[in-house]
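Descriptive structure summary
The lines below spell out each chain.
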Amino acid sequence: MKLFIIAAVLAVAAAAPSSYKTEEKKYEKDYKYPEIVVTGQSDERNLDGSSQWNYAQSDYATRAESQAQKKFVVTKVDDYGKETKEEVYGNTNQGSSYWVSPEGEKFTLTWAADDAGFQPAGDHLPVAPVHVYELPVAPVHEYELPVAPVHEYELPVAPVHIPFNGKGYKIY
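In this text the structure is predicted, and so the values were computed from the model without any measurement. Residue positions are given per chain, counted from 1 along the sequence in the order it is written. Per-residue local features are limited, in this predicted model, to residues with pLDDT of at least 70; the limit for side-chain atom pairs, both in listing and counting, is 80 or more; totals at the level of whole chains, interfaces and linings are taken over all residues. Neither water nor hydrogens contribute to the side-chain values; these are computed over all heavy atoms in the structure.

**Let's talk about the overall build of the chain**
Runs of H or I in DSSP of at least four residues are treated as helices and runs of E of at least two as strands, each being numbered from the N terminus. The number of helices and strands found in the chain is 2 helices and 6 strands. Seen in sequence order, the chain has helices and strands lined up from the N terminus as α-α-β-β-β-β-β-β. Taking the intrachain contacts of the chain between residues at least 6 apart in sequence as the baseline, contacts between residues at least 24 apart amount to 16%. All accessible-area figures derive from a Shrake-Rupley calculation using a 1.4 Å probe, and residue coverage is judged against the displayed protein chains alone. Carbon and sulfur atoms make up 58% of the accessible area of the chain, which amounts to about 16,300 Å² in all. Here, two residues are considered to be in contact whenever any of their heavy atoms come within 4.5 Å of each other.

**Remarks on the pattern of salt bridges**
We count a salt bridge whenever a side-chain nitrogen from Lys or Arg sits within 4 Å of a carboxyl oxygen from Asp or Glu. In total, this model carries 5 salt bridges according to the counting rule given. For the salt bridge of Lys71 with Glu87, the shortest nitrogen-to-oxygen distance reads 3.6 Å. Residue Lys71 is located in strand S3 (residues 62–77), and its partner Glu87 is located in strand S4 (residues 83–100); the two are separated by 16 residues in the primary sequence. Glu87 gets classed as exposed once you look at its relative accessible area, which sits at 54%. Between buried and exposed lies partly exposed: a residue is buried under 20% and exposed over 50% of the maximum accessible area for its type, with that area taken using a 1.4 Å probe on protein chains only.

**Considerations on the environment of Ser51**
Following the sequence through the fold, Ser51 ends up in strand S2 (residues 51–57). In this structure the C-alpha to C-alpha distance between Ser51 and Gln67, which are 16 residues apart in sequence, comes to 5.4 Å. If we skip the residues at most four places from it in the chain, Ser51 touches Glu44, Arg45, Glu65, Ser66 and Gln67.

**Points about the sheet that holds strand S1 (residues 38–45)**
Pairing in this open sheet of 6 strands is antiparallel, and the strands run S1-S2-S3-S4-S5-S6 from one edge to the other. Taken across any chain shown, the strands that pair with only one partner, and hence form the sheet edges, are S1 and strand S6 (117–121). For this sheet, the mean angle separating the axes of adjacent strands, direction not counted, is 15°. Pairing geometry for S1 and S2, over 7 bridges, is antiparallel. What sits directly across from Val38, in S2, is Gln57. The rule for pairing is simple: two strands pair if DSSP sees at least two bridges between them. To obtain an axis, a line is fitted to C-alpha atoms, over the contacting stretch when the element is a helix, and the angle between two such axes runs from 0 to 180 degrees between their N-to-C directions.

**Quick notes on the packing of aromatic side chains**
For Phe, Tyr and Trp, rings pair up if their centres lie within 6.5 Å, where Trp contributes its six-membered ring, and each pair is then called stacked (planes under 30 degrees apart), edge-to-face (over 60) or tilted (otherwise). As enumerated under the stated definition, the model contains 3 aromatic pairs in all. The interplanar angle of 5° and the centroid separation of 6.2 Å between the aromatic rings of Trp53 and Tyr55 together place this pair among those described as stacked. Between the aromatic rings of Trp99 and Phe107, the centroid separation amounts to 5.4 Å while the plane-to-plane angle is 20°, which identifies the pairing as stacked. Look at Trp99 and you get partly exposed, because its relative accessible area is 31%.

**Things to note about the pairing of S4**
Taken together, the 16 bridges between S3 and S4 define a ladder with antiparallel strand orientation. Along S4, the bridge assignment pairs Gln67 with Asn93. With 8 bridges connecting them, S4 and strand S5 (residues 106–114) associate as antiparallel partners. Along S5, the bridge assignment pairs Ser96 with Thr110. With antiparallel pairing between neighbouring strands as the criterion, S4 and S5 make up a hairpin whose turn holds 5 residues, including Gly104 at a positive phi of roughly 95°.

**A closer look at a nonpolar patch on the surface**
The patches described consist of residues with a relative accessible area above 30% and no salt bridge, like charges being joined within 9 Å and nonpolar side chains (Val, Leu, Ile, Met, Phe, Trp, Tyr) within 5 Å. Together, Met1, Phe4, Ile5 and Val9 give the surface a local cluster of nonpolar side chains, amounting to about 500 Å² of exposed area. Along the chain, the position of Met1 falls in the segment before helix H1 (2–15). Residue classification places Met1 among the exposed residues on the basis of a relative accessible area of 76%.

Function-wise, these values are silent; they only describe arrangement.
Spelled out as structure tokens, the structure:
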């Protein structure tokens, strides 16, 4: 019985209207969403794993993407530090997008993703500053290295031991 009451309370709570404002309530009732329709679309998938697709919309936004399978040579390192080279298949992707912002600014983004990583390009993307300056050079000190002192002495000579044969005679 308790389980039935808990389930009924949860069902009523889930069916209650949301308190979040919708777009119509935010911008009053006369706000209309712009009607954007897809004006062109294509999608091609090939048996070799490559594909390409694109679409265009009535707001002049477009997107195109293509991918191809490529054989990569990767280096794997085991737990003991031994490196082995292995061939694996992966995807190389490239694409582009074009859109117009609500302020009327036009954006174009092109990108590629392959064994060199993800490489986006576009005029709106930030670019790292290029510093043109001369690198400092370490000062050069000219001095003579100290030389270890040389000791002149004679090495002691160990005495020569001449074995005996047990009867008191020297063996030569």
